[in-house]
Structure formats: structure tokens, C-alpha cells
Amino acid sequence: MEREFSVASCYDLYENYNTPYGPPINHLEAFGFLWKTEVPFKIKAFGWRLLHNRLPLKDLLVFRGMSFPLEELKCIFCGHDEESRDHSFFGCLVVGNIWREIAFWVGKGDFLDEGCLSNFLDWHHFFDSQKVSDRKLDLVWLASTWCLWLVRNGVCFRKEAWSVNNTIWNIKTLVWRWSFCGKITHPNYSFYEFCKDPVYFLS
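Residues numbered from 1 in each chain as written. Predicted model: local features only at pLDDT ≥ 70, side-chain atom pairs only at ≥ 80, totals over all residues. Heavy atoms only, no water.

Trainee: Help me understand the side chain of Asp138, please; the structure alone is not making it clear to me.
Mentor: Inspection of the secondary structure assignment puts Asp138 in the loop between helix H7 (116-129) and helix H8 (139-158). One buried charged residue, Asp138, remains without a salt bridge, the closest side chain of opposite sign being Lys36 at 8.9 Å. Among the polar contacts made by the side chain of Asp138, one reaches the side chain of His124 at a distance of 2.8 Å. Excluding residues that lie within four positions of it along the chain, Asp138 makes contacts with Phe33, Leu34, Thr37, Phe120 and His124. (Helix = DSSP H or I, 4+ residues; strand = E, 2+ residues; numbered from the N terminus. Buried < 20%, exposed > 50% of the residue type's maximum accessible area, 1.4 Å probe, protein only. Lys, Arg positive; Asp, Glu negative; His and termini not counted. Salt bridge = Lys/Arg side-chain N within 4 Å of Asp/Glu carboxyl O. Polar contact = N/O pair within 3.5 Å; in protein donor to acceptor, adjacent residues only side chain to side chain. Contact = heavy atoms within 4.5 Å.)

Trainee: Just checking my understanding: could you explain the packing of helix H6 (residues 93-106) against H8 for this structure?
Mentor: Angle between the axes and distance between the axes: these two values describe a pair of packed helices. Viewed as axis vectors pointing N to C, H6 and H8 meet at an angle of 150 degrees, and their least axial separation amounts to 12 Å. Judged by the inter-axis angle, H6 sits roughly antiparallel to H8. As for how H6 packs across H8, the hand of that crossing is right-handed. Contact with H6, carried on its side by Val95, Ile98, Trp99 and Ile102, involves Val140, Trp141, Ser144, Thr145 and Leu148 of H8 and no other residues of that element. Tallied by class, the residues present in the contact of H6 with H8 amount to seven nonpolar, two polar and no charged. (Axes fitted to C-alpha atoms, helices over the stretch in contact; angles between N-to-C directions. Parallel < 35°, antiparallel > 145°, perpendicular 65-115°, else oblique. Left-handed = near helix turned anticlockwise from the far one by under 90°. Nonpolar A, V, L, I, M, F, W, Y, C, P; charged D, E, K, R; others polar.)

Trainee: It is not clear to me how the nonpolar core should be interpreted in this structure. Could you clarify?
Mentor: It is characteristic of soluble globular proteins that their nonpolar side chains tend to be buried jointly. Formed by 56 residues in total, the largest nonpolar core has its most connected members in Leu51, Phe89, Trp123, Phe127, Trp141, Val175 and Trp178. By residue number, the principal contributor to this core is H8, which donates eleven residues. Apart from residues no more than four positions distant in its own chain, Val175 is found in contact with Trp105, Leu139, Val140, Ala143, Phe194 and Leu202. (Core = buried A, V, L, I, M, F, W, Y, C linked by side-chain atoms within 4.5 Å.)

What follows is the structure, encoded as C-alpha cells:
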């Protein structure tokens, strides 16, 4: 005789397949860091969706039943691999060049492309080690991923031209603008001054 459906039977199924009852603790930690960051609310919401892998990228749209010509499934940055969160934001060779330039700019010696969560926490802990203000720790990461998202959407929907160099400068500009959100410890500094030592002005 078949068992009737019940909430208890669902928990039994989860237990049997070792399915967690919620996000791992390191995800919860990352979400806590994210919501403290002094950036516009829509950027926090974007970061939350990115960490949750809930952005409408091609791999997820295909999983949900949408179909695309094969060429349109490719990453817009490199044109080789299928578009996905971990590839298009972190693992793509072209995007990696952008991350390395930003890492060099802030004095970060290495670059992780092991996935969204590990990348987020790596940058967070780097800025924490540099004594950056608690509410500015994830500002560079959010600015970088947001600019990559804007480039991606511009190419997909409006066939806009883009370049690595322009994207890097857009990220730096956004970090400078967002550095004025919330409590400011170094008022009235110019973009030129900020670019020479961003970590100092974020501290």
C-alpha cells in the first residue's frame, strides 16, 4: 500500500537524500555581509540574487524550458563556453582579466575564480584584513559584478559595444561614487585621488 502524502514524509525524503533544510552557514554569513554594505538597495538585491544563482542567465532559462539558438547560449565575454553564473562572472578568461586589474588596483595579490560564494568571501576577507570600514567591505565586489551584468545585458538586448578597459574604468567610477554612501570618513576627495589609493578612502 502506498504511503499518503504528508509533511513528515517530505522531511523523511530530505533526510534520506541528505538534502539540507536551508542554505549552508557560509551562505548565511555572506548574506549578512551583503545586506550591511552601503550601496543602493537594488544593488544589494542584485547581489542576493547572484549569490542565490537566481539571475536570468541562459543556462537557467534553458533549464526552465526556454530554447535559444546554440550561438546565443555562449558567454558574451569570451564567446566559447555556455553562459552561466560561475563562468560568466568569475571563470571566463576575459572576465578574469577584469578581475585581475581590479585586484591589482586595490593591492590584492591573488584572484579566485572558484565560484560565486568563494569569490565573494575571498574579496570580503581581503578588505577586512585591510581594515576597510565594515559597511564598505563588499563594495568593490558588488561594483564589479554589477558592471559585468550591465555589460552582459547591453550586449544581449541592445547589441552594445564594450571593452575590457571601459568596463574596468566603469567599475572604478562606481566604487568611487558608492564610497560616498552612508558614513564618510574622508569627505570631498576627487576620483583621481581615490583611484591612487582606494583602500585608504574606504577605510
